[in-house]
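Observations on the three-dimensional arrangement
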Amino acid sequence: MTENAWIRWPSREALGRAGTSRPRRLIAWGIRLLVLGLLLWGAFHQAHVGIAGALAGAAGVALAAVVSWAFFRTTYEHRLVPSLALLGVLLGLAIVAQATGFREPALVIWCGCGISALERLPLAAALPVTSVALASYSAFNNVWLTTAATAGGMALAGYVLRLDAEARGQSQRLLAQERAARAAEAESAALAERARIAREIHDVLAHSLSAQLVHLEAARLLIERGAEREQILERVVAARGMARDGLAETRQALSALRGDLSPLEDFLTELVRATDGAEVSVTGERRALPAEASQAVRRVAQEAVTNVRKHAQGAKVQVRLDYSEREVMLNVRDSGGRPGEMSGSGGGYGLRGMRERAELLGGSLDAGPDEEGFVVTLKVPV
């Protein structure tokens, strides 16, 4: 629900000094010093008051300055009653000054109260105060026509100052919102990068370490059963090979995180080199992919080929990479085979991790058996 404009305070950003340029601050201080000078001049240049009266006038000027400072503080804190009370004190000082012969200071105080009220108070409270202040100014000025015009101009000036302060306050709020949005965006980017690193670490270590664990556990059981040295050595060598592959994958992951990636076609060729009966085909116009899309294709291909080695030993593998206008598609198909010794390794998160990786990029992943073996199809928009 929109707040009523008549009872709405100017924002604290509008009433404060934040966002005010240095030249404007200098002009504001110049005006304050000019007003103070006029008040002091009026206090000390009244021939009929004498030295004591001049000193009393100077004390009144000092009191008006202190009350004005307090008024600026209470309006900044949006405290209506103290603000009105302080304006009442200032108007009372103006009346006393007029009654004791200090006409010029009284006129300055009335004008200042009228303009400041319009600039810093809710309109419902500002208009009566401004009316009283400017009416008093007009009543004690001899030339009523020019006085009325001056009073109207001062009222207009106060409202213009109010609008200008509100515009400045609005710009400050927008700037604060923009900074908050940038901070949130930076935090979101940091979290996304952490998630990306976590995925890379999982993709590398989950397969490599689980495979090594299976081989080492098998070697332990063989040792406990007193198996032949060759059997034990075979398991240890296999575990070493898994560790070597895992190290190579770790280096690839680090290269990906640094943005230093080998061509995707070379990666797929190297990936299937150790698999008998595997072949790679590439169709469409080859082009560089975004880092996230390229890494998704690499990881899905790696997971799919690893699953073939685990669950379909001896199967023929066809890896096809197709570049189209709006997406890149990876298809990994095997002809079926016998389960390997590593078929029970892993936590079952491979397909889930591949699908999550694809969905994060706005793509899709389909995996399931076909007439002969198993097919994994990844589609990623580019």
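You'll find the structure just up there.
A quick note: this is a predicted structure, and the numbers were derived from the prediction, not measured.

Thoughts on the overall build of the protein
- Regarding its fold elements, the protein presents 11 helices and five strands.
- Counting every position in the protein, which comprises 382 residues, the buried fraction comes to 36%.
- Counting contacts in the protein only where the partners sit at least 6 residues apart, residues at least 24 apart contribute 71% of the total.
- In the structure as shown, the protein presents an accessible area of about 22,100 Å², 61% of it carried by carbon and sulfur atoms.

Focus on the packing of helix 9 (residues 264-272) against helix 10 (residues 291-311)
- Running from N to C, helix 9 and helix 10 point in directions that differ by 10 degrees, and their axes come no closer than 11 Å. Between helix 9 and helix 10, the angle is such that the two are roughly parallel. For the element pair helix 9 and helix 10, the recorded crossing hand is right-handed. Residues Leu264, Phe267, Leu268, Leu271 and Val272 of helix 9 form the contact with helix 10, whose participating residues are Ser294, Val297, Arg298, Ala301, Gln302, Val305 and Arg309.

A word on empty space enclosed by the protein
- For the coordinates displayed, the defined rule picks out one cavity of 30 Å³ or more.
- Here the largest cavity is characterised by a volume of approximately 30 Å³.
- Around the largest cavity sit Ala304, Val308, Val332, Arg333, Asp334, Phe374 and Val376, which together line it.
- Listing elements by their share of the lining of the largest cavity, those giving two or more residues are helix 10, strand 3 (327-334) and strand 5 (374-381).
- Tallying contributions element by element places strand 3 first for the lining of the largest cavity, with three residues.
- For the lining of the largest cavity, the class distribution of residues is five nonpolar, no polar and two charged.

A word on the sheet that holds strand 1 (residues 278-283)
- The strand order across the open sheet built from five strands is 1-2-3-5-4, with neighbouring strands paired in mixed fashion. Taken across any chain shown, the strands that pair with only one partner, and hence form the sheet edges, are strand 1 and strand 4 (364-369). Strand-to-strand twist across the sheet, computed as the mean angle between neighbouring axes with direction ignored, equals 10 degrees.
- Two strands pair when backbone bridges link them, and strand 2 (residues 317-323) and strand 3 are joined in this way by seven bridges, in the antiparallel orientation. The residue bridging valine 317 from the neighbouring strand is aspartate 334, located in strand 3.
- Contacting strand 1, strand 2 and strand 3, helix 9 runs over the sheet at an angle of about 175 degrees to strand 2.

Quick look at the side chain of arginine 162
- Relative to the helices and strands, arginine 162 is located in helix 7 (residues 144-224).
- No salt bridge is formed by the buried arginine 162, whose closest oppositely charged neighbour, glutamate 166, lies at an N-O distance of 5.3 Å.
- In terms of polar contacts, arginine 162 uses its side chain to reach the backbone carbonyl oxygen of leucine 121, at 2.4 Å.
- Apart from the residues lying within four places of it in its own chain, the contact partners of arginine 162 are Arg8, Pro10, Leu118, Glu119, Arg120, Leu121, Pro122 and Leu123.

Digging into the packing of aromatic side chains
- Summed over the entire model, instances satisfying the criterion amount to one aromatic pair.
- Between phenylalanine 71 and phenylalanine 72, the aromatic rings sit 6.1 Å apart at their centres with planes inclined by 90 degrees, giving edge-to-face as the arrangement.
- A cation over a ring is seen here: arginine 298 above phenylalanine 267, with NZ or CZ 5.2 Å from the ring centre.

Structural notes on the pattern of salt bridges
- If you walk through the whole model with that rule in mind, you get four salt bridges.
- Between arginine 182 and glutamate 178 there is a salt bridge, with the nearest N and O atoms lying 2.7 Å from each other. You can see arginine 182 and its partner glutamate 178 sitting in helix 7, four residues apart, about one turn around the helix.
- Beyond isolated ion pairs, a larger network of salt bridges with shared partners links Glu217, Arg220 and Glu224.

A closer look at the environment of leucine 216
- Within the secondary structure, leucine 216 is located in helix 7.
- Between the C-alpha atoms of leucine 216 and arginine 235, which are 19 residues apart in sequence, the distance is 6.7 Å.

A short note on unusual backbone geometry
- Positive phi, close to 60 degrees, is recorded for histidine 78, a residue that is not glycine.
- Looking at the secondary structure, you find histidine 78 in the loop between helix 3 (50-76) and helix 4 (80-99).
- Residue histidine 78 is classed as partly exposed on the basis of its relative accessible area, which comes to 29%.

Quick word on the pairing of strand 4
- In this structure, strand 4 lies alongside strand 5, joined through six bridges in antiparallel fashion. Each residue of the ladder has a partner; that of serine 364, found in strand 5, is lysine 379.
- Connecting strand 4 to the next strand, strand 5, in antiparallel fashion are four residues.

Quick word on the packing of helix 4 against helix 6 (residues 123-139)
- Look at helix 4 against helix 6: their axes get within 12 Å of each other, and the N-to-C directions meet at 0 degrees. Relative to helix 6, the element helix 4 lies roughly parallel. Seen from helix 4, the contacting residues are Leu80, Leu84, Leu87 and Leu91; seen from helix 6, they are Ala125, Val129, Val132 and Ala133.
- Residue composition of the contact of helix 4 with helix 6, by class: eight nonpolar, no polar and no charged.

Rules and cut-offs
Residues numbered from 1 in each chain as written. Predicted model: local features only at pLDDT ≥ 70, side-chain atom pairs only at ≥ 80, totals over all residues. Heavy atoms only, no water. Helix = DSSP H or I, 4+ residues; strand = E, 2+ residues; numbered from the N terminus. Buried < 20%, exposed > 50% of the residue type's maximum accessible area, 1.4 Å probe, protein only. Contact = heavy atoms within 4.5 Å. Areas by Shrake-Rupley, 256 points an atom, 1.4 Å probe, with all protein chains shown as cover. Axes fitted to C-alpha atoms, helices over the stretch in contact; angles between N-to-C directions. Parallel < 35°, antiparallel > 145°, perpendicular 65-115°, else oblique. Left-handed = near helix turned anticlockwise from the far one by under 90°. 1 Å grid on protein atoms, 1.4 Å probe; cavity = no way out; pocket = protein on both sides within 12 Å on 5 of 7 lines; lining within 4 Å. Points joined across faces, edges and corners; volume = space filled by probe spheres on them. Nonpolar A, V, L, I, M, F, W, Y, C, P; charged D, E, K, R; others polar. Pairing = 2+ DSSP bridges. Lys, Arg positive; Asp, Glu negative; His and termini not counted. Salt bridge = Lys/Arg side-chain N within 4 Å of Asp/Glu carboxyl O. Polar contact = N/O pair within 3.5 Å; in protein donor to acceptor, adjacent residues only side chain to side chain. Phe/Tyr/Trp six-rings, centres within 6.5 Å; stacked < 30°, edge-to-face > 60°. Lys NZ or Arg CZ within 6 Å of the ring centre and 35° of its normal.

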